[in-house]
Amino acid sequence: MKKELIKAYKNDGFLMVRQMFSPEEISLLYSVAIDDTVTGNSFDLNDQEGKKTKLTLWFTAGDDSFGLMSRCKRMVQSVQDLLGPGEVCHFHSKVMQKQPKVGGAWEWHQDYGYWYKNGFLYPEAMISVMVALTDANQENGCLQVLKGTHKMQRFEHSFVGEQQGADPDFVKEAEKFSELVYCELKAGDVLFFHPNILHRSEANLSDSPRWSVISAYNLSYNVPFREKHTSCITPVQMVPDQAILQSGKKEVTHADFLKKEAEITLNVK
């Protein structure tokens, strides 16, 4: 990854890369996302208005199409460039399913607001990578970030509906100093974002679905004391970029899916 892109990520806390995945790759990935192997393992988290935010999450990056996506060279090398020295591991991937008219909001939060409760000590060793499976815009609830707020470190998080939301007084103060950016993406675009960047998304009130897959990565030295899944400290077995299309459609059939009742942030105050 070019030095200026790495510098922009470190300064802003996020980075958008256009058309990192081809239309053919996105078509294949979306066909897997809407398959029952994914949708049948989803669960809901209510936002503060009771709308459902639906997601399917699993830990180990396998040989299915999404596992190949999160292990492909362009993803792993980009993560390595942004995080720096250390062994890149796949913490988890999740398919975000924001259906037209009914898809709920995500409140202002930091990913490390969640991951802190999983027992990770080093946020700088972690990153989230969102791949747009459909277009994401203001109308269908694209991600919003407060630019540069990763430099403010972790805010306290508490329940907002069934989600973890950042302390609203601190968010209000951060808004005075930080530019609000709507991360509008076309299918195939990728958004890299820091675990301490404040971000949110509106409910999807449009007629268009907003689907994405987010892969979270961790460097192997960042060993959590609560999280029991070992994928986050197991170095990724990288595959060539061509593997996604060469393998054809491969459903997520043998994944270690997260069950809602096992979600740590719902059980650790």
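This text goes with the structure placed above it.
Sequence order as written defines the numbering, with residues in each chain counted from 1. Given that this is a predicted model, residues contribute local features only at a pLDDT of at least 70 and side-chain atom pairs are listed and counted only at 80 or more, while totals for whole chains, interfaces and linings are drawn from all residues. As a rule here, side-chain values cover all heavy atoms of the structure and leave hydrogens and water aside.

Caption draft 1: Focus on the overall build of the protein. Within the protein one finds eight helices and 13 strands. Expected size for 269 residues packed as a compact globule is a radius of gyration near 18 Å; at 17 Å, the protein falls within 12% of this value. When its C-alpha atoms are laid out on the principal axes, the protein stretches across 50 × 45 × 35 Å. Classification of residues uses two cut-offs on accessible area relative to the type maximum, computed with a 1.4 Å probe and protein chains only: under 20% is buried, over 50% is exposed, and between them is partly exposed. Buried positions account for 56% of the 269 residues belonging to the protein. Method for areas: the Shrake-Rupley scheme with a 1.4 Å probe, in which residue coverage is limited to the protein chains shown. On the protein, roughly 11700 Å² of surface is accessible, and the fraction owed to carbon and sulfur atoms is 52%. In this description a helix means any DSSP run of H or I spanning at least four residues, a strand means any run of E spanning at least two, and both kinds are numbered starting from the N terminus. Only C-alpha atoms enter the radius of gyration, while the globule expectation follows 2.2 Å times N to the 0.38, with N the number of residues.

Caption draft 2: Region of the structure containing the state of the cysteines. When two cysteine sulfur atoms lie within 2.5 Å, the pair is treated as a disulfide. Summed over the entire model, instances satisfying the criterion amount to zero disulfides. As a non-bridged cysteine, Cys183 has Cys142 as the owner of its nearest cysteine sulfur, 6.9 Å distant. On the basis of relative accessibility, which here comes to 1%, the residue Cys183 falls in the buried class. Summary of cysteine pairing: Cys232 is not part of a disulfide, and the nearest cysteine sulfur, belonging to Cys89, is at 7.3 Å.

Caption draft 3: Main features of the packing of aromatic side chains. Centres within 6.5 Å make a pair out of two Phe, Tyr or Trp rings, where for Trp the six-membered ring is used; the pair is then stacked when the planes are under 30 degrees apart, edge-to-face when over 60, and tilted otherwise. Under the counting rule described, the total for this entry stands at nine aromatic pairs. Where Phe91 meets Trp115, the ring centres are 5.7 Å apart and the plane angle is 75 degrees; that geometry is what we call edge-to-face. With Phe91 in strand β4 (residues 88–98) and Trp115 in helix α6 (residues 111–115), this residue pair connects regions lying 24 residues apart in the sequence. For the pair shown, Phe91 and Trp115 are each scored as buried. Here a set of aromatic residues connected by ring pairs shows up, and it is made of Phe59, Phe91, Trp115 and Phe120. Only when the NZ atom of a Lys or the CZ atom of an Arg is both within 6 Å of the ring centre and within 35 degrees of the ring normal do we say a charge sits over the ring. If you follow Arg154 out to its NZ or CZ, it ends over the ring of Tyr116, 3.5 Å from the centre.

Caption draft 4: Main features of a nonpolar patch on the surface. Patch membership requires more than 30% relative accessible area and the absence of a salt bridge. Residues of like charge join within 9 Å; the nonpolar side chains Val, Leu, Ile, Met, Phe, Trp and Tyr join within 5 Å. We count a salt bridge whenever a side-chain nitrogen from Lys or Arg sits within 4 Å of a carboxyl oxygen from Asp or Glu. Together, Leu121, Tyr122, Tyr221 and Phe225 make up a nonpolar patch on the protein surface, roughly 470 Å² of accessible area in all. Examined against the element boundaries, Phe225 turns out to sit in the loop between β13 (210–219) and α8 (243–246). When its relative accessible area of 53% is taken as the criterion, Phe225 is described as exposed.

Caption draft 5: Quick peek at the side chain of Thr37. Within the fold, Thr37 resides in helix α3 (residues 36–39). Of the residues examined, Thr37 reaches a relative accessible area of 18% and is grouped as buried. Contacts are assigned to residue pairs with any non-hydrogen atoms lying within 4.5 Å of each other. Once residues within four sequence positions are removed from consideration, Thr37 is found in contact with Glu251, Val252, Thr253 and Phe257.

Caption draft 6: Geometry of helix α5 (residues 73–83). Those residues of α5 lying buried are Arg74, Met75, Val76, Ser78, Val79, Leu82 and Leu83. Positive backbone phi, at 90 degrees, marks Gly84, one or two positions downstream of α5.

Caption draft 7: Inspection of helix α2 (residues 23–33) at higher detail. By the burial criterion, the buried members of α2 are Glu25, Ile26, Leu28, Leu29, Val32 and Ala33. Angularly, the buried residues of α2 cover 160 degrees about the axis, an arc narrow enough to put them on a single face. Residues of α2 that are exposed and point over 90 degrees away from its buried face: Pro23 and Glu24. Our arc is simply the arc of the directions from the helix axis toward the C-beta atoms.

Caption draft 8: Inspection of the pattern of salt bridges at higher detail. What the rule picks out here adds up to 11 salt bridges. Between Glu156 and Arg154 there is a salt bridge, and its shortest N-O distance comes to 3.7 Å. Accessibility expressed as a relative area gives 52% for Glu156, which makes it exposed. Of the charged contacts, one joins Glu202 and Arg200 as a salt bridge, the two residues approaching to 3.0 Å between their closest N and O atoms. Overall, Glu202 belongs to the partly exposed group, its relative accessible area being 38%. Judged by its relative accessible area of 14%, Arg200 is buried.

Nothing here speaks to function; it is geometry throughout.
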